[in-house]
Amino acid sequence: MKRLIFIVGFVAWFLVGCYDDKGNYDYKDINTIDGLTFMPTPITVEEGNTYRYEYRQPAQEELKVTYSPVFTQSMVEGEDNVEYLWTVGYKDGSENVVDSVFTKELELAYPPKKTTRYNVKFRLSDKRTGVDHYRDFTMTTKVPFVNAWFVLNGPENNRKLSTVEEPDSTSPIISYDAYKDLWNRERFQKAEALSYVNLLTHMDGGDKYENLYVIQRDSVALMLPFVLEDRKDSRSLFAPGANPNNLVYSESHPLSRYAIAVDNNGKFYHSGGSGYYFAGLAESDVQNYVIDKIYMSKAGFTTIWDKTNRKFMSFDPAANQCYNITSSDGSYPQNAVESNTVEISDFPVEGLSEVVNGTTHLMEILWLGQGVTSGSEETGATAIGVMTDTCYIFYIEASDKGKSMRAEESPIKVTRVNLGELGFDQNTCFATSSAYAEQFFYTKESKVFLFNTVSKESIELYDAGDVITKLKFRSDTDASFPDNSSPYRCLGIVVNVAGAGELHEVILDEAGDFVTSHTFTGFGEIKDLIFTTVMRVIQ
């Protein structure tokens, strides 16, 4: 028994001795690579090993970026023991290409006016230990000015086209003269207004759907908004001899393909899918029309208020065939003029005047905008007016029935609702969105209010700090946007104080309640603004 105990004890001692021997004499420290990062710093790092870089698509000159690893080694000085491998995958036309680069630094080029994407794998190998370190990268360019505010600002004769990109981010990109930043020359100094259409034509390719109209006093520039290039020569947009003078106003709907320019005499030109402008025609009883207020719905149906002749009128560009005729050399399609057949016509509206104690009181129409009833969203409008200190809202709904000057038989139905005394005047700004049925937004000095036309309740939403001069939703139509955004719940607010303009954004929830706000400053006085909502996935 003693012998057995001795043998077991000896074996235990031998094993412990071997273990101590290995720990004291056989273990060796090895070189480690620590803190592997990259320059420039990626915008995101996912799961520690996947990196993403994103750049604005260059407009003129090729963008080149050099990527380089940064790391330390625990036991080695210098880099003789390491080996680098970058594997770069990309498309060259329709061909998939893979390149391998055995250098520490990798230079990639991003050509102008096109979308670029690189899928990159990086391997850092320690030749002494045989240990490899891997990282994955995605490098892409994004189209500039997508879902951005275009702001026309500055004093008369020195206007600038500014932009606010990524307004929802913590680091928005603001250009206070976007055209000059891209092309190194000034333009649009005499611009008066902006219009934006989301799907002008299918004929010119998928990169030319969206178009920006810059209304200048003597011309209109038709621009591709995401590269700020002319889609057509502005001198060819009007018929020879038309010579538009003193254009001051524009109207379009971002989700339609029609646009209107109005001069200081209240006459208008209309444009469709070809981009060319045609002179506005009018029926005989409204030949002397003078446009004071105008709104175009998503379907293109246009509602007009003639303050001089005190008439509501309509114009439906969807029935015009002149937009479908183009010219092979890009000149004005004179042969299309005979297809310009749609005319402005008036429609009866009751309740535009009242006689009280022998005195006639006239309704003053303060605003036309997006319809907020189910029948007025697509083809119709909302009008707000005031008469003897009482405020009214008009719901305007159009149908395809034949014209009649009897109100009960008119193809356009108008309902007037008394809102009470709300203190509206010429300085009140209004906005509507189809996301908020039977509701509208209005201003009083520096404050924005939401008014419910059913309950007749008014709720204060936001104080901009100074007098508000313009209200405008990013989009006034509740639609399905591919980026899952809700531009119809984002209200743009303009404040102009002593020549300095501010753009405030108020984000609302589904009920119209305040969620948050952003403020962008540094502009000169803001004349007009539009938002480039996009209804397709930009590749």
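Please refer to the structure placed before this passage.
Chemist: Before we move on, could you go through the sheet that holds strand 22 (residues 293–296) and cite the residues and values that matter?
Modeler: Here five strands make up an open sheet; going across it, the order is 21-25-24-23-22 and the pairing mixed. With partners counted over all chains shown, the strands left at the sheet margins are strand 21 (281–282) and strand 22, one partner each. Pairing of strand 21 with strand 25 (residues 343–347), which is carried by two bridges, proceeds in the parallel orientation. Residue pairing for strand 25: Leu-281 is matched across the bridge by Glu-343.

Chemist: If you had to explain the nonpolar core to someone new, which residues and values would you point to?
Modeler: Among the nonpolar cores identified, the biggest contains 36 residues, and Tyr-213, Ile-215, Val-220, Phe-268, Tyr-277 and Ile-344 are the most heavily contacted of them. For this core, the elements supplying multiple residues, two or more each, are strand 13 (191–197), strand 14 (211–216), strand 15 (219–224), strand 18 (259–263), strand 19 (268–271), strand 20 (277–279), strand 22 and strand 24 (311–315). The dominant element in this core, judged by the number of residues it contributes, is strand 18, at four residues. Aside from chain neighbours lying at most four places away, what touches Ile-215 is Ala-191, Glu-192, Ala-193, Val-220, Leu-247, Tyr-249, Ser-250, Ala-261 and Tyr-277.

Chemist: Before we move on, could you go through the environment of Met-139 and cite the residues and values that matter?
Modeler: Position of Met-139 relative to the elements: it lies in strand 9 (residues 131–142). Classification of Met-139 as buried rests on a relative accessible area of 0%. Sequence separation of Met-139 and Glu-54 is 85 residues, and the distance between their C-alpha atoms is 5.9 Å. Residues in contact with Met-139, not counting those within four places in the same chain, are Tyr-53, Tyr-67, Leu-108, Tyr-110, Thr-116, Arg-117, Tyr-118 and Val-120.

Chemist: Break down the pattern of salt bridges for me, citing the residues and quoting the values.
Modeler: Tallied over the entire structure, the rule returns 24 salt bridges. A salt bridge links Asp-168 to Arg-474; its shortest N-O distance comes to 2.9 Å. Taken together, the positions of Asp-168 in the loop between strand 11 (160–165) and strand 12 (173–175) and Arg-474 in the loop between strand 36 (468–473) and strand 37 (490–497) put the pair 306 residues apart, joining distant regions of the chain. You can call Asp-168 partly exposed: its relative accessible area is 47%. Taking relative accessible area as the criterion, Arg-474 reaches 9% and is therefore assigned buried. Among the salt bridges present, the one from Arg-217 reaches Glu-192, with a minimum N-O distance of 3.2 Å. Taken together, the residues span a long stretch of sequence, with Arg-217 in the loop between strand 14 and strand 15 and Glu-192 in strand 13 at a distance of 25 residues. Judged by its relative accessible area of 18%, Arg-217 falls in the buried class. For Glu-192, a relative accessible area of 10% puts it in the buried group.

Chemist: I'd like a description of the sheet that holds strand 2 (residues 44–46), backed by residues and values.
Modeler: Sheet architecture is open: six strands sit in the order 2-3-9-8-5-6, paired in mixed fashion. At either margin of the open sheet sits one strand with a lone partner, and together these are strand 2 and strand 6 (95–101). Going from strand to strand, the sheet's axes swing by 20° on average, the running direction of each strand aside. Pairing of strand 5 (residues 82–92) with strand 6, which is carried by seven bridges, proceeds in the antiparallel orientation. Across the sheet, residue Asp-92 finds its bridge partner in strand 6, namely Glu-95.

Chemist: Could you give me a rundown of the side chain of Asp-528, with the residues and numbers involved?
Modeler: Mapping Asp-528 onto the fold places it in strand 40 (residues 526–531). Among the polar contacts listed, one links the side chain of Asp-528 to the backbone nitrogen of Leu-194, at a separation of 3.0 Å. Apart from the residues within four sequence positions on either side, Asp-528 is in contact with Phe-150, Val-151, Leu-152, Ala-193, Leu-194, Lys-470 and Lys-472.

Thresholds, definitions, all that
Residues numbered from 1 in each chain as written. Predicted model: local features only at pLDDT ≥ 70, side-chain atom pairs only at ≥ 80, totals over all residues. Heavy atoms only, no water. Pairing = 2+ DSSP bridges. Helix = DSSP H or I, 4+ residues; strand = E, 2+ residues; numbered from the N terminus. Core = buried A, V, L, I, M, F, W, Y, C linked by side-chain atoms within 4.5 Å. Buried < 20%, exposed > 50% of the residue type's maximum accessible area, 1.4 Å probe, protein only. Contact = heavy atoms within 4.5 Å. Salt bridge = Lys/Arg side-chain N within 4 Å of Asp/Glu carboxyl O. Axes fitted to C-alpha atoms, helices over the stretch in contact; angles between N-to-C directions. Polar contact = N/O pair within 3.5 Å; in protein donor to acceptor, adjacent residues only side chain to side chain.

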